Structures are given as C-alpha cells and as structure tokens.
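Coordinates in review
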Amino acid sequence: MPEPGDPLWSQGWYRFAHRIDSPNFGPRPEGSAIDLIVLHSISLPPGVYGGDEVLRLFTNTLDWDAHPYFQQIRGAQVSAHFFIRRDGALLQFVSCDARAWHAGASCWRGRTNCNDDSVGIELEGLEGETFEAAQYEALSALCAAIGQHYPIRHVAGHEHIAPGRKKDPGPGFDWAEVKRDLGWPEEWFPSA
C-alpha cells in the first residue's frame with residue numbers, strides 16, 4: 001500500500017478533488033496491487049452535460065422518473081473513483097484504497113474483475129464524441145498523481161477491458177495526447 005505522509009493523498013482521497021462520498025464501494029481483495037487505471041465516459045441523460053445526474057447516480061439519489069432514459073439504468077448501484085467534468089473540475093466518490101464499482105465483468109492483462117485492482121476515472125462525455133482540453137489537462141495531472149502514489153503499470157478504456165459490452169470512452173478519445181502528456185511506456189497502454 002502507499003507510503004503514509006504523501007501531501008497529495010489522505011487514505012486514498014486526492015487532495016485536489018472535490019469529495020462526494022458514494023455508498024457504492026467495497027474492500028479490495030487482500031494483496032491486490034492497484035496497477036490499472038480504467039478510463040470511462042458518462043453523461044446523463046446521454047449527451048447532456050453540466051447537471052448533477054451523474055453525481056446522483058453515484059450516490060444512489062437519482063430520480064429514476066426524471067427522464068425516460070433513466071428507466072434503462074433504474075436501480076443501478078455504480079460508482080467510479082473520479083469524475084472529470086467538461087470544464088476540468090475533478091470530483092472523487094470513492095477512496096482509491098477501496099474498490100469502486102465501475103468496471104463490471106472485465107478482463108485485462110490476464111486478470112478478471114478489474115474493479116479489484118484498478119482506479120476508475122469517468123470523463124463527462126459520450127462515447128464516440130470528443131473531449132475538452134480542460135479534461136485532458138485534469139486527466140493527465142490526476143493520472144500522474146495516481147502513478148506516483150500507486151504502482152500503476154496499465155491504462156485502458158472500458159472498451160478494452162469489456163470488449164463487445166462497453167464502447168467508452170470511444171473513438172473520440174485522444175489516446176495519443178494522454179500518452180504524450182504522461183510520458184509513460186507505450187506498453188502500459190492499449191495497442192492502437
């Protein structure tokens with residue numbers, strides 16, 4: 001586990017994120033190494049930005065009757081560690097020391113159940129559409145901080161860990177920019 005006394009982190013909570021506690025988390029399995037970052041995209045309703053619906057989804061307070069789309073996800077209990085808004089604002093819902101519920105049925109680097117040893121980051125957006133410069137800036141800073149605190153060696157999209165089931169963040173996401181910004185080894189990322 002991470003070293004104590006890191007000024008950017010306190011019990012898995014990142015200093016520069018606005019904390020909103022989600023009840024949707026659990027303990028990580030004994031001995032799990034937090035070595036994977038999983039990138040997602042989300043907007044509720046799809047393609048609508050700036051509201052509080054994602055926050056409400058992750059905190060189990062979403063009004064399921066407020067929009068017809070919400071009937072498709074009614075009763076979902078999900079979370080991610082982080083959510084990056086279109087303007088780059090950063091929110092954290094679950095301590096990175098804990099297991100958030102973002103990946104679902106998944107497999108990457110020969111391991112299943114990616115929730116066990118990953119940090120999930122949701123970008124406000126829609127799969128297939130582009131993301132904002134402020135989001136890439138916030139994402140790169142966050143990933144760098146996570147990588148300094150946890151033994152990260154892999155970064156993948158939801159589409160990579162759950163192919164055929166998930167398509168986010170999608171073709172509008174600029175992997176080349178993230179690789180360039182982070183300067184991490186090419187083999188840590190999905191192949192093109």
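For the structure given in this document, a descriptive report is provided here. (Residues numbered from 1 in each chain as written. Predicted model: local features only at pLDDT ≥ 70, side-chain atom pairs only at ≥ 80, totals over all residues. Heavy atoms only, no water.)

Ranked by size, the top nonpolar core spans 31 residues in total, and within it I37, F82, I121, L139, I146, F173 and W184 carry the most contacts. Listing elements by their share of this core, those giving two or more residues are β5 (36-42), β6 (82-84), β11 (118-124), α2 (133-149) and α4 (175-182). Broken down by element, this core gets its largest block of residues, seven residues, from α2. When residues no more than four places from it in sequence are discounted, the contact partners of I146 are W9, I37, F82, V119, I121 and I152. By size, the runner-up hydrophobic cluster in this structure holds 18 residues, among which are I20, I42, F83 and V94. (Core = buried A, V, L, I, M, F, W, Y, C linked by side-chain atoms within 4.5 Å. Buried < 20%, exposed > 50% of the residue type's maximum accessible area, 1.4 Å probe, protein only. Helix = DSSP H or I, 4+ residues; strand = E, 2+ residues; numbered from the N terminus. Contact = heavy atoms within 4.5 Å.)

The next point concerns the packing of aromatic side chains. Counted by the stated rule, this structure contains nine aromatic pairs. Taking the centre distance of 5.0 Å and the plane angle of 40 degrees together, the rings of W9 and Y14 count as tilted. Comparing W9 with Y14 shows no difference in burial state: the two are buried. Taking 6.5 Å as the distance between ring centres and 80 degrees as the angle between the ring planes, the aromatic pair formed by Y14 and F82 counts as edge-to-face. Taken together, the residues span a long stretch of sequence, with Y14 in strand β2 (residues 13-14) and F82 in strand β6 at a distance of 68 residues. Its relative accessible area of 0% is what places F82 among the buried residues. By the ring-pair criterion, three or more aromatic residues cluster together here, those being W9, Y14, F16, F82 and Y150. Lying over the aromatic face of W13, R19 brings its terminal NZ or CZ to 3.7 Å of the ring centre. (Phe/Tyr/Trp six-rings, centres within 6.5 Å; stacked < 30°, edge-to-face > 60°. Lys NZ or Arg CZ within 6 Å of the ring centre and 35° of its normal.)

Turning to the sheet that holds strand β3 (residues 18-19), a few remarks are in order. Strand order across the open sheet formed by six strands is β3-β7-β6-β11-β5-β12, with mixed pairing between neighbours. In the strand order of this sheet, the two ends are held by β3 and β12 (154-157), each with one partner. Examined bridge by bridge, β5 and β12 share four bridges and lie parallel to one another. Paired with L36 across the bridge in β12 is H154. Each of β5, β6, β7 (90-92) and β11 touches α2; the most contacted strand, β11, lies at about 170 degrees to it. (Pairing = 2+ DSSP bridges. Axes fitted to C-alpha atoms, helices over the stretch in contact; angles between N-to-C directions.)

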